[in-house]
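Okay, here's what each chain looks like letter by letter:
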Amino acid sequence: MDISTKLLGTSEEELRYAAGLLARGEIVGMPTETVYGLAADAENPRAVEKIFAAKGRPQDNPLIVHIADIERLEEYAHSIPVIAYRLAEKFWPGPLTMVLPKKEIIPDVTSAGLNTVGIRMPCHEAARSLIRLSGKALAAPSANISGSPSPTEAAHVMADMRGRIPAVVDGGSCPVGVESTVISFEGDAVRILRPGFVSAEELSEWAEVICDRHITEAAAEGEKVLSPGMKYKHYSPKANVTIVDGSEEQYLEFVSRHGGNGVCAMIFGSEADKCMIPYIAYGDTSEEQAANLFAVLRKLDGIGAEQVYARMPSPQGVGLAVYNRLLRAAGFEVVRL
Ligand code: AMP
Ligand code: MG
């Protein structure tokens, strides 16, 4: 049955209202610096089940637990390596999720049956206030219907979740635009399970970094992956997306040859004057591309695009996160010129 979905602002009164819903076992759309999350009390299995139901999320895909104070880390995780504390000191609050052995207090539904839990401390002010006001740690995956592009504006959450959840807190556009970097620990090394705004380059100043091969490679049917989210097709608009890897000249020549009804180019921006077919720009720098990527993928649906040729992003820094999300949106279809 459809419920009415309130759009709330970030005043203390409105955050208190949202926190009250969370404390009562309801789920709420929450802004963070990465993407909008769909939050529930991480310790309450019935509340967390509502997230899976609202999103249509596969039961084996674990949720990230969000805290507002580093002191709470040890309530949820044990056997925390020294390097984890060092990285928390450096990158928290911020878009870094650490996978650690979980304590009993985290129910199986939150960790999708794993004996580990992903924990992060967001730096978005409204998210931190909401966590503190609720008095809970909040389990929160991205607030989209599973498989569709992650929401980076409250309107995206409304488009996917209206009628399914009681409230969304509107904190404006998410500045980072792609989900957090997820890491696990292997001795003194860290393994990047999912790239995000905290880059491999930055992490390597603090520890040896291993990039999981599923960041850029599709998992085979039935293959076990360390980060369950990595095996699903994701972030997909309705259009078929193809990544085109080549120089500006090669790319422009390719799209002008492949233009036609329902075909749209997804360009950086600086080549706009020279693009001969309809296009949407997603940004010249990796940071701009990260911030715009999901909104652009949603816009492509809005204009009824059927085939999208996306210019290959640079995989350096946060660009690796952009490339990783775009690869999944494209079902790993890349044309190399
Ligand atoms: P979302 O919040 O929708 O971005 O999804 C969170 C992602 O974080 C999941 O899809 C997993 O890939 C990853 N993740 C969360 N918890 C764990 C964990 N305990 N072990 C490995 N990966 C995790
Ligand atoms: Mg997600």
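Residues numbered from 1 in each chain as written. Chains lettered and ligands numbered in written order. Predicted model: local features only at pLDDT ≥ 70, side-chain atom pairs only at ≥ 80, totals over all residues. Heavy atoms only, no water.

A. Representation of the side chain of T34 in the model. Looking at the element boundaries, T34 is found in the loop between strand 2 (28-30) and strand 3 (37-41). A distance of 3.4 Å separates a polar atom in the side chain of T34 from a polar atom in the side chain of R120. In this structure T34 touches P95, R120, T152, C174, V176, G177, V178, E179 and S180, once residues within four positions along its chain are discounted. (Helix = DSSP H or I, 4+ residues; strand = E, 2+ residues; numbered from the N terminus. Polar contact = N/O pair within 3.5 Å; in protein donor to acceptor, adjacent residues only side chain to side chain. Contact = heavy atoms within 4.5 Å.)

B. Inspection of the pattern of salt bridges at higher detail. For the coordinates displayed, the defined rule picks out 18 salt bridges. The partner of R16 in a salt bridge is E12, and the shortest N-O contact between them spans 2.5 Å. In this pair, R16 and E12 both sit in helix 1 (residues 12-23), four residues apart, roughly one turn of the helix. One salt bridge in this structure joins R191 and D212, with 3.1 Å as the shortest N-O distance. (Salt bridge = Lys/Arg side-chain N within 4 Å of Asp/Glu carboxyl O.)

C. Summary view of helix 1. The end-to-end C-alpha separation of helix 1 is 16 Å, in line with the 16 Å expected for twelve residues at 1.5 Å each. Among the residues making up helix 1, those that are buried are L15, A18, A19, L21 and L22. One side of helix 1 carries all its buried residues, which in axial view fall inside an arc of 155 degrees. Where helix 1 is buried, its residues contact strand 1 (6-8), strand 2, strand 3, helix 6 (125-134), strand 7 (138-139) and strand 8 (167-169). Directly beyond the C-terminal end of helix 1, a positive phi value near 90 degrees is found at G25. (Expected span 1.5 Å × (residues − 1). Buried < 20%, exposed > 50% of the residue type's maximum accessible area, 1.4 Å probe, protein only. Arc of directions from axis to C-beta.)

D. Molecular detail of the site of ligand 1. Around ligand 1, a shell composed of 20 residues is seen, among which N61, T116, R194, S227 and G229 lie nearest. For ligand 1, an oxygen atom lies 3.0 Å from a polar atom in the side chain of R57. Contact with the protein chains removes 95% of the 490 Å² of surface that ligand 1 exposes when unbound. Contributing elements (two or more residues each) for the shell around ligand 1: strand 6 (116-120) and strand 10 (189-194). (Near = heavy atom within 4 Å. Areas by Shrake-Rupley, 256 points an atom, 1.4 Å probe, with all protein chains shown as cover.)

E. Up close: the pairing of strand 5 (residues 96-101). Counting buried positions along strand 5 yields five of six residues, so the element is predominantly enclosed. Pairing geometry for strand 5 and strand 9 (residues 181-186), over three bridges, is parallel. Paired with T97 across the bridge in strand 9 is V182. Pairing of strand 5 with strand 6 involves four bridges; the strand directions are antiparallel. By the bridge assignment for strand 6, M98 is matched with I119. (Pairing = 2+ DSSP bridges.)

F. Just the side chain of S180, in detail. The residue S180 is located in the loop between strand 8 and strand 9 in this model. Owing to a relative accessible area of 2%, S180 belongs among the buried residues under this scheme.

G. Seen up close, the nonpolar core. Residues L87, W92, L96, M98, I183 and F185 are the most contacted members of the largest nonpolar core, which totals 51 residues. In this structure F185 touches P81, I83, A84, L87, M98, V99, L100 and V190, once residues within four positions along its chain are discounted. (Core = buried A, V, L, I, M, F, W, Y, C linked by side-chain atoms within 4.5 Å.)

H. Seen up close, the packing of helix 10 (residues 286-302) against helix 11 (residues 319-329). It is the contact of helix 10 with helix 11, at a shortest axis distance of 8 Å, that shows an interaxial angle of 25 degrees. One way to sum up the angle between helix 10 and helix 11 is to call them roughly parallel. By crossing handedness, the relation of helix 10 to helix 11 is classed as left-handed. Of the residues in helix 11, those in contact with S286, Q289, A290, L293, F294 and L297 of helix 10 are G319, V322, R325, L326 and A329. Here the contact of helix 10 with helix 11 is built from residues that sort into seven nonpolar, three polar and one charged. (Axes fitted to C-alpha atoms, helices over the stretch in contact; angles between N-to-C directions. Parallel < 35°, antiparallel > 145°, perpendicular 65-115°, else oblique. Left-handed = near helix turned anticlockwise from the far one by under 90°. Nonpolar A, V, L, I, M, F, W, Y, C, P; charged D, E, K, R; others polar.)

I. Examining the environment of D284 more closely. Position of D284 relative to the elements: it lies in the loop between strand 14 (279-281) and helix 10. A relative accessible area of 40% means that D284 is categorised as partly exposed. Linking D284 and A54, residues 230 residues apart in sequence, is a C-alpha distance of 35 Å. Residues contacting D284, with those up to four places away along its chain left out, are F268, G269, S270 and Q289. Polar side-chain contacts of D284 include one of 2.9 Å to the side chain of S270.

J. How the structure looks around the sheet that holds strand 11 (residues 209-211). The strand order across the open sheet built from eleven strands is 1-8-2-3-7-4-6-5-9-10-11, with neighbouring strands paired in mixed fashion. Each edge of the open sheet is held by one strand with a lone partner, namely strand 1 and strand 11. The pairing of strand 4 (residues 64-66) with strand 7 spans two bridges and is classified as antiparallel. Opposite H66, over in strand 7, you have L138 as the bridge partner. Together, strand 1, strand 2, strand 3, strand 7 and strand 8 form the strand contacts of helix 1, whose direction differs from that of strand 1 by roughly 130 degrees. Helix-sheet contacts for helix 4 (residues 82-91) involve strand 5, strand 9 and strand 10, and the interaxial angle to strand 5 is about 160 degrees.

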